[in-house]
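Working through the structure, step by step
Chain by chain, the residues:
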Amino acid sequence: MKLNKKEILEALKTITVPGAGENMIDSGAVTNVLTFGDEVIIDITINNPALQARKKTEVEIMKVIHEKVYQKAQVKVNLKVNAPAKSEKIEIKGKAIPGIKNIVAVASGKGGVGKSTITANLAVTLVKMGFKVGLLDADIYGPSAPIMFDVVNERPLSVNVGGKSKMKPVTNHGVKILSIGFFTKPDQAVIWRGPMAAKALNQMIFDAAWGELDFLLLDLPPGTGDIHLSIMQSLPITGAVVVSTPQTVALADAKKGVAMFKQESINVPVLGIVENMAYFTPEELPENKYYLFGEGGAKWLAEDLNVRFLGEIPLVQSIREAGDVGRPAALQTATPIEKSFEELTRNVVEETVRRNDDLPPTEAIKITTMAGCSAVKK
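As the structure is a prediction and not an experimental result, all values here were calculated from the model. (Residues numbered from 1 in each chain as written. Predicted model: local features only at pLDDT ≥ 70, side-chain atom pairs only at ≥ 80, totals over all residues. Heavy atoms only, no water.)

**A look at the layout of surface pockets**
Counted as a void, the largest pocket has a volume near 520 Å³. Along the wall of the largest pocket there are 20 residues; nearest its centre are Thr281, Pro286, Val316, Pro336 and Ile337. Among the secondary structure elements, those contributing two or more residues to the lining of the largest pocket are strand E13 (270-280), helix H9 (317-324) and helix H10 (336-358). A class-by-class count of the residues in the lining of the largest pocket yields eight nonpolar, seven polar and five charged. (1 Å grid on protein atoms, 1.4 Å probe; cavity = no way out; pocket = protein on both sides within 12 Å on 5 of 7 lines; lining within 4 Å. Points joined across faces, edges and corners; volume = space filled by probe spheres on them. Helix = DSSP H or I, 4+ residues; strand = E, 2+ residues; numbered from the N terminus. Nonpolar A, V, L, I, M, F, W, Y, C, P; charged D, E, K, R; others polar.)

Structure below.
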């Protein structure tokens, strides 16, 4: 039997396209119909990519042709899905915090390189130089600022600012501090998924009465993950300081940290690299240097990546002891440690000034979710 094309088209008019509200012919979904004796080939395009919608469409076409045209017809359906990319979530744009001039992120590719120690000593040295400084402990899962500043038992107070209730940062050694450690017990693990951690960070950033600051230092968690993206989504970061030890494993991860900030979609200026635990000097032999983790690795990495080498900090027992008792080692006067941190801090300030003179303000990155996938853009 030879099938009648006109009858087939009339039969297809009785089927509604999934999600379109019109029949297959009037909507233009049917793009071609070919008949060869008792065989019919139908080309159709729909906008619904769901497997259920595709199967339902094929079954309905076969059914209507068998019922209204010819019961024994051989039906072949070539179905194409033309689903436009739909934005499920529009961009979330970060904003600057009034009164804060520079936001500097201190990061490391891996844990255990002394990033928090560097941040704490950088903060108190900036204060000694006359700057107004805040420190946000953004390491949600391993907060250390309360211990390093001897404020474990302190809690941020609520203050009224412009008719709104804000958190007043805890202050010690002249540094304004906020940390998730203020809101958890010392033996309590923070077991949060990414969105919960991001929400907590946003509250500490934007619901805090930071006041006027020359520098807000962000002590980021190790790695290049969700927290980093949330921070850079929330805030326009002035620049980043990357901390590493001379060890090859640490340098490989530090390189990834620099690469993260330099990505075109993120584009946060890297102020430079710090080499922590550069060498060991025993107390009884203050002039001796023992390169336990290798020599000059971070300096060579800085040269390779074309970023500034900000300084080297020795592996000295007093730095660890000072952090444990909540009095950063840079507060000690007339010591080699103080000089090391002063040189580091001076270089960070110089790079920040140069960055502000030479480059436009950094924008917070924007997150757009496209068809279930997360895309990062400026």
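After presenting the structure, the write-up continues.
**Concerning the environment of Lys164**
The residue Lys164 is located in strand E8 (residues 164-168) in this model. Lys164 gets classed as exposed once you look at its relative accessible area, which sits at 56%. Considering only alpha carbons, one finds Lys164 and Asp207, 43 residues apart in sequence, at a separation of 8.9 Å. (Buried < 20%, exposed > 50% of the residue type's maximum accessible area, 1.4 Å probe, protein only.)

**Re the nonpolar core**
Core analysis: the biggest nonpolar cluster contains 44 residues, and Trp210, Leu216, Leu218, Ile231, Ile237, Phe261 and Ile273 have the highest contact counts within it. Looking at this core, the elements that each hand over two or more residues are strand E5 (100-107), helix H5 (194-206), strand E11 (213-219), helix H6 (226-234), strand E12 (239-244), helix H7 (248-262), E13 and helix H8 (297-305). Setting aside residues up to four positions removed in sequence, Ile273 forms contacts with Val242, Val258, Ala298, Leu301, Ala302, Leu305, Val307, Arg308, Phe309, Leu310 and Gly311. In this structure, Ala123, Met148, Leu217 and Val241 belong to the second largest nonpolar core, which totals 39 residues. (Core = buried A, V, L, I, M, F, W, Y, C linked by side-chain atoms within 4.5 Å. Contact = heavy atoms within 4.5 Å.)

**Observations concerning the packing of helix H3 (residues 115-128) against H10**
Closest axis-to-axis distance for the H3/H10 pair is 9 Å, and the angle between their directions is 80 degrees. As the angle between them shows, H3 and H10 are arranged roughly perpendicular. On the side of H3, the interface is formed by Ile118, Asn121, Leu122, Thr125, Leu126 and Lys128, while H10 contributes Glu338, Phe341, Glu342, Leu344, Thr345, Val348 and Val349. Considered class by class, the residues forming the contact of H3 with H10 number seven nonpolar, three polar and three charged. (Axes fitted to C-alpha atoms, helices over the stretch in contact; angles between N-to-C directions. Parallel < 35°, antiparallel > 145°, perpendicular 65-115°, else oblique.)

**Things to note about the confidence of the model for the protein**
When pLDDT is averaged across the protein, the result is 81; 85% of the residues are at 70 or more. Note on residues 84-93: pLDDT under 50 across the span, and 23 contacts to partners over four residues away in sequence or across chains. Contacts from residues 365-378, a stretch scored under 50 in pLDDT, to residues over four places away or in other chains number 52 contacts. (pLDDT = per-residue confidence, 0-100.)

**Looking at unusual backbone geometry**
As a rule of thumb, non-glycine residues mostly have phi less than zero, and peptide bonds are mostly trans rather than cis. Here Asp150, not a glycine, exhibits a phi torsion of approximately 55 degrees, which is positive. Relative to the elements of secondary structure, Asp150 occurs in the loop between helix H4 (145-148) and strand E7 (157-161). On the accessibility criterion, Asp150 (53% relative accessible area) is exposed. Positive phi outside glycine occurs at Met277, with the angle close to 55 degrees. Met277 sits in the buried class, given a relative accessible area of 19%.

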